[in-house]
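Commentary on secondary and tertiary structure
Residue-level listing of the chains:
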Amino acid sequence: MTSFRSRPLVVFTALAALAAAPVTAFAHAGEHAHSHGALDSFAHAFAHPFTGADHLAAMLAVGMWSALAVQPAWRAPAAFVALLVAGCVAGFAGLAVPGVEPMIAASVLILGLLVAVQKRLPWGAAAVLVGVFAFFHGAAHGTELAADTGGLAVAALIGMAAGSATLHLSGMALGHAVLQRHQWMARVAGAATALLGAFMLTRLA
């Protein structure tokens, strides 16, 4: 029988497996496809947030921070997804958004610090903060995906939103199941994320 103490680990492991399963399935579907259909565009965009450490860390951090310090917890991730889609549209349209890489690096640093210190903000301020960062993440995704959508931008946007939401939900589950019970883990996870952001910023200098 699973003990109470081990349940958070089991929950997180199951969630991670569920998050990875569709990515693996979509990736195999894309490998054997010979045309760019709507499903291929959706699958490629869904997997995209999982393929970069910067995007992966930022989106998980948004979920963890929301679970730890933002009420209601769903609103900041929802704002992130909405502004991410807006940024993707800008990227698809070929709009040159300045400062994309520095802003992405700064988002990883700041969101990591917010997780580490569990800084509480009103949900409106939290939504604005993550929304600004999300636009730059979306612009980067949109620019990278523009050549791979086969003209099916809507399917790619839906896939991007779904993949990002999966990461947010995983971060929220981790925050609720583990980090709220083990504060030192939140500090370690946040500090590691912030260090990644600082490293990215030094590389851009």
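Residues numbered from 1 in each chain as written. Predicted model: local features only at pLDDT ≥ 70, side-chain atom pairs only at ≥ 80, totals over all residues. Heavy atoms only, no water.

A short note on the overall build of the protein
As a reminder of what qualifies: Runs of E in the DSSP output that reach at least two residues are strands. Runs of H or I that reach at least four are helices, and both are numbered from the N terminus. To sort residues, take the accessible area from a 1.4 Å probe on protein chains only and compare it with the maximum for the residue type: under 20% means buried, over 50% means exposed, and anything in between is partly exposed. When checking whether two residues touch, look at their non-hydrogen atoms; a contact exists if any pair is within 4.5 Å. Residue burial considers only the protein chains on display, and all accessible areas are found by Shrake-Rupley using a 1.4 Å probe.
On a plain count of helices and strands, the protein comes out with eight helices and zero strands. Its helices and strands taken in sequence order, the protein reads α-α-α-α-α-α-α-α from the N to the C terminus. Relative to its full complement of 205 residues, the protein shows a buried share of 45%. In the protein, the proportion of contacts linking residues at least 24 apart, taken out of those at least 6 apart, comes to 87%. Here the protein has roughly 9,900 Å² of accessible surface; of this, 72% comes from carbon and sulfur atoms.

With respect to the packing of aromatic side chains
Here is the rule we go by: Aromatic rings from Phe, Tyr and Trp, taking only the six-membered ring of Trp, are treated as a pair when their centres fall within 6.5 Å; an angle between ring planes under 30 degrees marks them as stacked, one over 60 as edge-to-face, and anything in between as tilted. A ring is considered to have a charge above it if a Lys NZ or an Arg CZ atom is located within 6 Å of its centre and within 35 degrees of its normal.
Enumeration according to the criterion identifies three aromatic pairs in this entry. Considering the side-chain rings of Phe-46 and Phe-50, the 5.9 Å spacing of their centres and the 25 degrees angle between planes classify their relative orientation as stacked. The class of Phe-46 is buried, set by a relative accessible area of 6%. On the basis of relative accessibility, which here comes to 21%, the residue Phe-50 falls in the partly exposed class. Above the face of the Trp-123 ring, Arg-75 is positioned so that its terminal group lies 4.2 Å from the ring centre.

Examining unusual backbone geometry
Here Gln-71 and Pro-72 are connected by a cis peptide whose omega angle stands at -10 degrees. Position of Pro-72 among the secondary structure elements: in the loop between α3 (53-69) and α4 (75-92). Its identity is not glycine, yet Gln-118 carries a phi of approximately 55 degrees, on the positive side. Tracing the backbone through its elements, the reader meets Gln-118 in the loop between α5 (100-117) and α6 (123-145).

With respect to the nonpolar core
Test applied: Among buried residues, the Ala, Val, Leu, Ile, Met, Phe, Trp, Tyr and Cys ones that are joined through side-chain atoms within 4.5 Å form a nonpolar core.
Counting 44 residues, the largest nonpolar core has Trp-65, Phe-80, Val-100, Leu-111, Val-130 and Leu-179 as its most contacted members. Looking at this core, the elements that each hand over two or more residues are α3, α4, α5, α6, α7 (153-179) and α8 (183-204). In contact with Leu-111, not counting residues within four places along its chain, are Ala-58, Ala-61, Val-62, Val-130 and Phe-133.

Looking at the packing of α3 against α4
Put simply, the rule is: Think of each axis as a best-fit line through the C-alpha atoms, taken over the contacting stretch in the case of a helix, with angles from 0 to 180 degrees between the N-to-C directions. Oblique is the label for every angle not falling under 35 degrees (roughly parallel), over 145 degrees (roughly antiparallel), or within 65 to 115 degrees (roughly perpendicular).
Orientation of α3 relative to α4, taken along the N-to-C sense of each, is 155 degrees, at an axis distance of 9 Å. Here α3 is positioned roughly antiparallel relative to α4, judged by the angle of their axes. Residues Met-59, Val-62 and Ser-66 of α3 form the contact with α4, whose participating residues are Ala-76, Pro-77, Phe-80 and Leu-84.

Things to note about α8
Note the threshold: Multiply 1.5 Å by the residue count of a helix minus one, and that product is the helix's expected span.
Between its terminal C-alpha atoms α8 stretches 32 Å, which fits the 32 Å expected from 22 residues at 1.5 Å a residue. Structurally, α8 contributes buried residues whose contacts are with α3, α5 and α7.

A short note on the environment of Gln-71
Note that Gln-71 resides in the loop between α3 and α4. According to the relative accessible area criterion, Gln-71 is exposed, its value standing at 54%. Along the sequence, Gln-71 and Gly-124 sit 53 residues apart, while their C-alpha atoms lie 9.8 Å from each other.

What about the side chain of His-141?
Put simply, the test is: N or O atoms within 3.5 Å of each other form a polar contact, as long as, within protein, one can give a hydrogen and the other can take it, and as long as residues adjacent in sequence are counted only when both atoms are side-chain atoms.
Here His-141 shows up in helix α6. Here His-48 takes part through its side chain, which lies 2.8 Å from a polar atom of the side chain of His-141. Look past the residues within four positions of His-141 in its chain and what remains in contact with it is His-48, Pro-49, His-55, Met-59, Leu-84, Cys-88 and Met-160.

Considerations on the confidence of the model for the protein
We count it as follows: As a per-residue measure, pLDDT tells how confident the predictor is, with possible values from 0 to 100.
For the protein, the average pLDDT comes to 82, and 80% of its residues sit at 70 or higher. Segment residues 1-35 is flagged for pLDDT under 50; beyond a separation of four residues in sequence, or across chains, it makes 24 contacts in the model.

Some points on the packing of α3 against α6
For clarity, the cut-off: The crossing is said to be left-handed when, going from far helix to near helix, the turn is anticlockwise and less than a right angle, and right-handed when the turn is clockwise. Throughout, the ten residues Ala, Val, Leu, Ile, Met, Phe, Trp, Tyr, Cys and Pro are labelled nonpolar, Asp, Glu, Lys and Arg are labelled charged, and all others, Gly among them, are labelled polar.
In contact at an axis separation of 12 Å, α3 and α6 are set at 160 degrees when each is read in the N-to-C sense. Relative to α6, the element α3 is oriented roughly antiparallel. In this structure, α3 crosses over α6, and the sense of that crossing is left-handed. Here Asp-54, His-55, Ala-58, Met-59, Val-62 and Trp-65 of α3 lie close against α6, whose contacting residues are Ala-126, Leu-129, Val-130, His-137, Ala-140 and His-141. Each residue belonging to the contact of α3 with α6 can be placed in one class, and the counts come to eight nonpolar, three polar and one charged.

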